[in-house]
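So the chains spell out like this:
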Amino acid sequence: MAVVVHYRGLPTAETHGWVTLEAETGTWPASTVTPGERLHRRVEVATWHRTSLRLGHRLDERARRAHADAVVVGGDEWACNVLIRRLPHTLRDKVVRVGGRTPTDTGRALLEPQLDGVFRGRMAAHDRELVDIFIGRRALDGPMTEGLAATVAALQRGQVAALLLNRPPGSSLQLWAGSQPTHLALTEAELMSFGVRAPREERADEALVRALVGTGAELVVVPENELRLYEGVGALLRYTDPGTPS
């Protein structure tokens, strides 16, 4: 959630003027392209302390609906401080203060330049949870797989719940694919042995994304310093059986 609070008066409620608040939820980096629904409020500065308490609960509701990992706040320092102190504790713990220009009439996402600096290299809470599950399963020899060959074999069987990558596959890496999401292999001969007619060679990133979407699996890109994967790829599996590759 991005929140911008504008106020140009003295840092006190004992004066005249208006505080304006705009808030928007979105998904980074999609928010740099598609701004979400925006909340706009204009409040008399004399009532800002009291009104910001109600606004805090309104923002908390929006953040919960959006499953927001962070609340990025920019604008006037005094007005922002008043708002942050009145946010519910669960939301206040997610606040990230940013500086810089805070225009709200650009037609782009709120705080778009600052969002990139806040989130680049940072994992979402859900992704972090999946990485922790993978680490636990690897330690206990649970339902997971690692390495390109074993992961592709699991995708063939529709076993992958979440694919983990250290980096997106380079354009030079190729896989063989057929008409169905599970028609995926390292070689043409392997795919033809499954009865797939006229397999085609494709960029690995395109083939993997189609397989993930077609089988309802998730994708997590995790930096090597967080988790080093064998051959840069691994997967959390929905199930295992005697035929599961290792």
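This structure is a prediction, so every number in the text was calculated from the model and none was measured. Counting restarts for each chain, with residues numbered from 1 along the sequence as it is written. Totals for whole chains, interfaces and linings use all residues, but because this is a predicted model, local features are given only for residues with pLDDT of at least 70 and pairs of side-chain atoms are given and counted only at 80 or more. By convention in this description, side-chain values take in all heavy atoms of the structure and omit both hydrogens and water.

**A look at the nonpolar core**
If you look at soluble globular proteins, the nonpolar side chains tend to sit buried side by side. One finds Val3, Val5, Leu21, Trp48, Leu59 and Leu83 to be the most contacted residues of the largest nonpolar core, which totals 26 residues. Secondary structure elements follow DSSP: runs of H or I of four or more residues count as helices, runs of E of two or more count as strands, with numbering from the N terminus. Listing elements by their share of this core, those giving two or more residues are strand E1 (2-6), strand E2 (18-24), strand E3 (38-44), helix H1 (48-66), strand E4 (71-75) and helix H2 (77-85). At six residues, H2 tops the list of elements feeding residues into this core. We call a set of buried Ala, Val, Leu, Ile, Met, Phe, Trp, Tyr and Cys residues a nonpolar core when their side-chain atoms join them within 4.5 Å. Note on classification: 1.4 Å probe, protein chains only; a residue is buried when its accessible area is under 20% of the maximum for its type, exposed when over 50%, partly exposed between these limits. Core analysis: the second largest hydrophobic core is formed by 18 residues, Leu148, Leu163, Leu212 and Leu237 among them.

**What about unusual backbone geometry?**
Not every positive phi belongs to a glycine, and histidine 67 is a case in point at roughly 55°. Mapped onto the fold, histidine 67 is located in the loop between H1 and E4.

**A word on the pattern of salt bridges**
The rule for a salt bridge is simple: a side-chain nitrogen of Lys or Arg has to be within 4 Å of a carboxyl oxygen of Asp or Glu. Considering all chains together, one arrives at twelve salt bridges under this definition. Salt-bridge contacts for arginine 38 lead to glutamate 24; the nearest nitrogen and oxygen are separated by 3.2 Å. Of the two residues, arginine 38 sits in strand E3 while glutamate 24 sits in strand E2, which places them 14 residues apart along the sequence. Residue classification places glutamate 24 among the buried residues on the basis of a relative accessible area of 4%. The residue arginine 203 makes a salt bridge to aspartate 205 at a minimum N-O spacing of 2.5 Å. Shared partners join several salt bridges into a network, and the residues in it are Glu22, Glu24 and Arg38.

**Let's talk about helix H6 (residues 148-156)**
For H6, a buried count of eight out of nine residues is recorded, marking the element as mostly surrounded by other parts of the structure. All of the buried residues along H6 are Leu148, Ala150, Thr151, Val152, Ala153, Ala154, Leu155 and Gln156. Following H6 by one or two positions, glycine 158 adopts a phi angle in the positive range, close to 65°.

**Concerning the sheet that holds E3**
Paired strands, as defined in this entry, are two strands with at least two bridges between them according to DSSP. The strand order across the open sheet formed by five strands is E3-E2-E1-E4-E5, and the pairing between neighbours is mixed. The open sheet is flanked by E3 and strand E5 (95-97), the only strands paired with a single partner. Neighbour-to-neighbour, the strand axes of the sheet open up by a mean angle of 20°, direction not taken into account. Sheet topology note: the E1/E2 ladder contains five bridges and is antiparallel. Paired with histidine 6 across the bridge in E2 is threonine 20. The contact rule is simple, with two residues in contact once any of their heavy atoms fall within 4.5 Å. A fitted line through C-alpha atoms represents every axis, and for helices the fit uses only the stretch in contact; the resulting angles, taken between N-to-C directions, go from 0 to 180 degrees. Across the sheet, H1 is in contact with E1, E2 and E3; its angle to E3 comes to roughly 170°.

**Description of the environment of glutamine 180**
By the element assignment, glutamine 180 lies in the loop between strand E8 (174-177) and strand E9 (184-185). Note: C-alpha distance between glutamine 180 and threonine 215 (35 residues apart in sequence) is 9.9 Å.

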